[in-house]
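Fold and geometry: a report
The primary structure of each chain is shown beneath.
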Amino acid sequence: MSGDPRAERTRDRLRQALLEVCAERPLAEVSVAGLVRRAGLGRATFYLHYPDLDALAVDACAEIVRDAVEALHAWRGVPDPAVPPAALTSFFGRIAPHAALHRTLLREGGGGPLGDLLHRELRARSCDERALAGAPEPDLIASAVAATFTGVLADWLHDRIPASPDAMAARVWRLLLSLHMTALP
């Protein structure tokens, strides 16, 4: 996307309108016409920025990918398995209200456009961090961390794992730490 401030403001309006409307009804029931009315923009303007509603939805939810990657790497030193980073707990709390939209893009098991993006970004960051730390098997563990987090997050959003946001953060934290501490030959 371009660095034009006007274009970015327009995309912000479209993303915000989509999040608002998806809080009221599923993405499958949203129309471009209704969305642009809510955003106070024209239909042609929408198509200058996005080819379809799915592309806008992925863009609107891409922030959760950045938030997830940062939340999982928001600690330094020796991690405490009993206390997840505050950023991870906050992350689960922030995405819960938009679960319906996220379920559309992040299918059970971690598939879908948002799942693919989350897996790719998380794997790259985890691999880089492990390599910098000199930890063994950065590729293998980074793949396991990305797949585990993406799949567990998706299943939680799809109500396959009953837990509050706080409890989920604590459970995921311990699970991911165990992957990082796995002794490999």
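A brief structural summary. Since this is a predicted model, take the numbers as computed values, not measurements.

**What about the overall build of the protein chain?**
- What the protein chain contains, in helices and strands, is nine helices and zero strands.
- When the helices and strands of the protein chain are read in sequence order from the N terminus, they spell out α-α-α-α-α-α-α-α-α.
- By principal-axis analysis of the C-alpha atoms, the protein chain measures approximately 60 × 35 × 25 Å.
- Counting the 185 residues in the protein chain, one finds 41% classified as buried.
- Counting only contacts in the protein chain whose residues sit at least 6 apart along the sequence, the fraction spanning at least 24 positions is 64%.

**Details of helix H9 (residues 165-180)**
- With 16 residues, H9 extends 22 Å between its outermost C-alpha atoms, agreeing within 8% with the 22 Å of an ideal straight helix rising 1.5 Å per residue.
- Within H9, burial applies to Met 168, Ala 169, Ala 170, Val 172, Trp 173, Leu 176, Leu 177 and Leu 179.
- Its buried side turned inward, H9 meets helix H4 (53-72), helix H5 (86-95) and helix H8 (138-157).

**Details of the packing of aromatic side chains**
- All chains considered together, the criterion is met by six aromatic pairs.
- When the ring of Phe 46 is compared with that of Tyr 47, the centres are 5.0 Å apart and the planes differ by 85°; the resulting orientation is edge-to-face.
- Taking relative accessible area as the criterion, Phe 46 reaches 0% and is therefore assigned buried.
- Using a relative accessible area of 40% as the deciding quantity, one classes Tyr 47 as partly exposed.

**Let's talk about the nonpolar core**
- Formed by 56 residues in total, the largest nonpolar core has its most connected members in Leu 18, Leu 35, Phe 92, Phe 149 and Leu 153.
- Elements represented by at least two residues in this core include exactly helix H1 (5-22), helix H2 (32-39), H4, H5, helix H6 (99-105), helix H7 (113-133), H8 and H9.
- In terms of residue count, H4 provides more of this core than any other element does, 12 residues in total.
- If near-sequence neighbours (up to four positions away) are discounted, Phe 149 is found in contact with Ala 68, Leu 72, Leu 88, Phe 91, Phe 92, Leu 118, Leu 122, Val 172 and Leu 176.

**Some details on the environment of His 102**
- For His 102, the position within the fold is in helix H6.
- Classification of His 102 by relative accessible area gives buried; the value is 2%.
- In sequence terms His 102 and Gly 112 are 10 residues apart; their C-alpha atoms lie 10.0 Å from each other.
- Filtering out sequence-adjacent residues up to four positions away, His 102 remains in contact with Cys 61, Ile 64, Ile 95, Leu 114 and Leu 157.

**Examining the state of the cysteines**
- Summed over the entire model, instances satisfying the criterion amount to zero disulfides.
- Of all cysteine sulfurs, the one in Cys 22 lies closest to Cys 61, which takes part in no disulfide; the gap is 7.8 Å.

**Describing the pattern of salt bridges**
- Throughout the structure, instances matching the rule amount to 13 salt bridges.
- Among the salt bridges present, the one from Glu 20 reaches Arg 38, with a minimum N-O distance of 3.3 Å. Residue Glu 20 is located in helix H1, and its partner Arg 38 is located in helix H2; the two are separated by 18 residues in the primary sequence.
- If you follow the salt bridges from partner to partner, you end up with Glu 8, Arg 11, Asp 12, Arg 15 and Asp 59 in one network.

**Quick notes on the packing of H4 against H7**
- Relative to each other, H4 and H7 sit at 30°, their axes nearing to 10 Å. By the criterion of interaxial angle, the relationship of H4 to H7 is roughly parallel. At the point where H4 passes H7, the crossing takes the right-handed sense. On the side of H4, the interface is formed by Val 58, Cys 61, Ala 62, Ile 64, Val 65, Ala 68, Val 69, Glu 70 and Leu 72, while H7 contributes Pro 113, Leu 114, Leu 117, Leu 118, Glu 121, Leu 122 and Arg 125.

Calculation notes
- Residues numbered from 1 in each chain as written.
- Predicted model: local features only at pLDDT ≥ 70, side-chain atom pairs only at ≥ 80, totals over all residues.
- Heavy atoms only, no water.
- Helix = DSSP H or I, 4+ residues; strand = E, 2+ residues; numbered from the N terminus.
- Buried < 20%, exposed > 50% of the residue type's maximum accessible area, 1.4 Å probe, protein only.
- Contact = heavy atoms within 4.5 Å.
- Expected span 1.5 Å × (residues − 1).
- Phe/Tyr/Trp six-rings, centres within 6.5 Å; stacked < 30°, edge-to-face > 60°.
- Core = buried A, V, L, I, M, F, W, Y, C linked by side-chain atoms within 4.5 Å.
- Disulfide = S-S within 2.5 Å.
- Salt bridge = Lys/Arg side-chain N within 4 Å of Asp/Glu carboxyl O.
- Axes fitted to C-alpha atoms, helices over the stretch in contact; angles between N-to-C directions.
- Parallel < 35°, antiparallel > 145°, perpendicular 65-115°, else oblique.
- Left-handed = near helix turned anticlockwise from the far one by under 90°.

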